[in-house]
Amino acid sequence: GQSLEQPSEVTAVEGAIVQMNCTYQTSGFYGLSWYQQHDGGAPTFLSYNALDGLEETGRFSSFLSRSDSYGYLLLQELQMKDSASYFCVLHSGNTPLVFGKGTRLSVIA
Amino acid sequence: GAVVSQHPSWVICKSGTSVKIECRSLDFQATTMFWYRQFPKQSLMLMATSNEGSKATYEQGVEKDKFLINHASLTLSTLTVTSAHPEDSSFYICSAAQTSGGPHEQYFGPGTRLTVT
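Here's what I pulled together on the structure shown here. Quick caveat, the model's predicted, so the values are computed rather than measured. In this numbering scheme, every chain counts its residues from 1 along its sequence in written order. In the order they appear in the text, chains get letters beginning with A and ligands get numbers beginning with 1. Per-residue local features are limited, in this predicted model, to residues with pLDDT of at least 70; the limit for side-chain atom pairs, both in listing and counting, is 80 or more; totals at the level of whole chains, interfaces and linings are taken over all residues. Each side-chain value is worked out from all heavy atoms of the structure, with water and hydrogens disregarded.

1. Concerning the overall build of chain A
Phase 1: A run of H or I in DSSP becomes a helix once it reaches four residues, and a run of E becomes a strand once it reaches two; helices and strands are each numbered from the N terminus. Along its length, chain A carries zero helices and 11 strands.
Phase 2: Taken from the N to the C terminus, the helices and strands of chain A come in the order β-β-β-β-β-β-β-β-β-β-β.
Phase 3: With C-alpha atoms as the basis for the radius of gyration, the globule rule is written as 2.2 Å multiplied by the number of residues raised to the power 0.38. Radius of gyration (C-alpha) of chain A: 13 Å, near the 13 Å computed for a compact globule of 109 residues.
Phase 4: The principal-axis extents of the C-alpha atoms in chain A amount to approximately 40 × 30 × 20 Å.
Phase 5: When each of the 109 residues of chain A is scored for burial, the buried share is 48%.
Phase 6: In what follows, residue pairs with any heavy atoms lying within 4.5 Å of each other are defined as contacts. Taking the contacts inside chain A whose residues are at least 6 apart along the sequence as the reference set, 55% of them involve residues at least 24 apart.
Phase 7: Of the roughly 5200 Å² of accessible surface on chain A, 47% is carried by carbon and sulfur atoms.
Phase 8: Just so you know, the count uses Lys and Arg for positive and Asp and Glu for negative, and it drops His and the chain ends. By convention, the point assigned to a charge is CZ for Arg, NZ for Lys, CD for Glu and CG for Asp. If the 5 positive side-chain charges of chain A are averaged to one point and the 10 negative ones to another, these points end up 5 Å apart. Whether a residue is buried, partly exposed or exposed follows from its accessible area with a 1.4 Å probe, protein chains only, as a fraction of its type maximum: under 20%, in between, or over 50%, in that order. For the area figures, the Shrake-Rupley method with a 1.4 Å probe applies, and any residue is considered shielded solely by the protein chains shown.

Take a look at the structure:
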């Protein structure tokens, strides 16, 4: 089967950098993506990795190591509006196969 | 671009009744849409994959006779919760992928909060 592990909660200070990790197990791997979801809202796409390495999009970066079955999302210059839940999602083919349980990020002043 | 809408945004219904939720891609065509369920403070669980013009593919443990999915056009998929019970109360979210985009980039609707009394 497929599974993902994420820490349940992370707290960080405004202006700082935070890294949220994701480890996974799967028999077939296409890629790992990251979504942000504010309370009561819909998930929004942040980033996707199909190959090893770092993908950067503004303040957000995502890293993947397929040999370690591991990825992380890095947020720089944290802002209060970044407080949300962040999900890593395991892809096999065209279907987002499995959502992680999410990491709830709290940004404090 | 790439906007997905859902209707209604919230609904309260009595136990035993049926509720239909619509998911529309407003500015693109989506041959495939996905339906998820999310309980409070939990992750999204994929319920089914909806393909235009064909039967939906349900995930293990999801009752296809209870959660009826119809994908009648390239811009509309519907989820009908039949004979709803309080345990069906949840946040239901649909998503769609643009044909021209990567398969990983899903655009999510705003969700429908269902409360069954």
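2. Observations regarding the sheet that holds strand S8 (residues 70–75) of chain A
All names here are of chain A.
Phase 1: Only strands that DSSP links by at least two bridges are regarded as paired with each other. Across the sheet, five strands lie side by side as S1-S3-S8-S7-S6; this open sheet has antiparallel pairing. Either end of the sheet is taken by a strand with one partner, and the two such strands are strand S1 (3–5) and strand S6 (53–57). The sheet shows a mean angle of 20° between the axes of neighbouring strands, direction not considered. To obtain each axis, a line is fitted to C-alpha atoms, and for helices this fit is confined to the stretch in contact; angles are then taken between N-to-C directions over 0 to 180 degrees.

3. Focus on the sheet that holds strand S8 (residues 76–81) of chain B
All names here are of chain B.
Phase 1: The four strands lie next to each other as S1-S3-S8-S7, forming an open sheet whose pairing is antiparallel. The sheet is open, and its two borders are formed by strand S1 (4–7) and strand S7 (67–73), each paired with just one other strand. Between one strand axis and the next, the sheet turns through 15° on average, direction left out of account.
Phase 2: When S7 meets S8, the two strands line up antiparallel, connected through five bridges. Across the sheet, the residue bridging to Asn 70 is Thr 78, located in S8.

4. Quick look at the interface of chain B and chain A
A common way to report how large an interface is uses the accessible area buried once the components associate.
Phase 1: The partner chain A presents 17 residues to the 17 residues of chain B that form the contact.
Phase 2: A carboxyl oxygen of Asp or Glu within 4 Å of a side-chain nitrogen of Lys or Arg is what we treat as a salt bridge. Our count for the contact surface shared by chain B and chain A stands at zero salt bridges.
Phase 3: Breaking the side of chain B that touches chain A down by element, the ones donating at least two residues are strand S4 (32–38), strand S5 (44–51), strand S9 (90–97) and strand S10 (106–108) of chain B.
Phase 4: All residues other than Ala, Val, Leu, Ile, Met, Phe, Trp, Tyr, Cys, Pro, Asp, Glu, Lys and Arg, Gly among them, are scored as polar; the first ten of these are nonpolar and the last four charged. Of the residues in the side of chain B that touches chain A, the class split is nine nonpolar, seven polar and one charged.

5. Quick look at the side chain of Ser 85 of chain A
Residue and element names in this part refer to chain A.
Phase 1: Among the secondary structure elements, Ser 85 is positioned in strand S9 (residues 84–92).
Phase 2: Residue classification places Ser 85 among the buried positions, given a relative accessible area of 13%.
Phase 3: Excluding its chain neighbours within four sequence positions, the residues that come into contact with Ser 85 are Tyr 35, Gln 36, Gln 37, Thr 103 and Arg 104.

6. Observations regarding the state of the cysteines
Residues and elements named next belong to chain B.
Phase 1: Put simply, a disulfide is two cysteine sulfurs that come within 2.5 Å. One pass over the full model with this rule turns up two disulfides over all chains.
Phase 2: Each sulfur in the disulfide pair Cys 23 and Cys 94 lies 2.0 Å from the other. Sign of the S-S torsion, about 80° for the bond between Cys 23 and Cys 94, identifies this disulfide as right-handed. Taken as a pair, Cys 23 in strand S3 (residues 19–25) and Cys 94 in strand S9 lie far apart in primary sequence, 71 residues in all. Here Cys 23 matches Cys 94 in class, with each residue buried.

7. What about the packing of aromatic side chains?
Phase 1: Note on aromatic pairs: the rings of Phe, Tyr and Trp (six-membered ring only in Trp) are paired at centre separations within 6.5 Å, and the planes decide the class, stacked below 30 degrees, edge-to-face beyond 60, tilted for the rest. Counting across every chain of the model gives 13 aromatic pairs over all chains.
Phase 2: Cluster of aromatic residues (ring-pair linked, three or more members): Tyr 35, Phe 45, Phe 87 and Phe 99 of chain A together with Tyr 36 and Phe 108 of chain B.
Phase 3: Criterion for a charge above a ring: Arg CZ or Lys NZ at most 6 Å from the ring centre, at most 35 degrees from the ring normal. Lying across the ring of Phe 67 of chain B, Lys 66 of chain B places its NZ or CZ 6.0 Å from the centre.

8. Remarks on the environment of Glu 87 of chain B
Phase 1: Position of Glu 87 of chain B relative to the elements: it lies in the loop between S8 and S9.
Phase 2: Taking the C-alpha atoms as reference, Glu 87 of chain B lies 9.8 Å from Ser 15 of chain B; in sequence the two are 72 residues apart.

9. Considerations on the pattern of salt bridges
As a working rule, side chains carrying opposite charge can pair if their charged atoms are close by.
Phase 1: Applying the stated criterion to the full structure yields five salt bridges over all chains.
Phase 2: Of the charged contacts, one joins Asp 39 of chain A and Arg 104 of chain A as a salt bridge, the two residues approaching to 2.5 Å between their closest N and O atoms. Of this pair, Asp 39 of chain A sits in the loop between strand S4 (31–37) and strand S5 (44–49) while Arg 104 of chain A sits in strand S11 (residues 103–108), placing them 65 residues apart in sequence.
Phase 3: Measuring nitrogen to oxygen at the nearest pair gives 3.5 Å for the salt bridge that ties Glu 22 of chain B to Arg 24 of chain B.
Phase 4: Take Glu 22 of chain B: its relative accessible area is 23%, and that puts it in the partly exposed class.
Phase 5: For Arg 24 of chain B, a relative accessible area of 33% translates into the label partly exposed.

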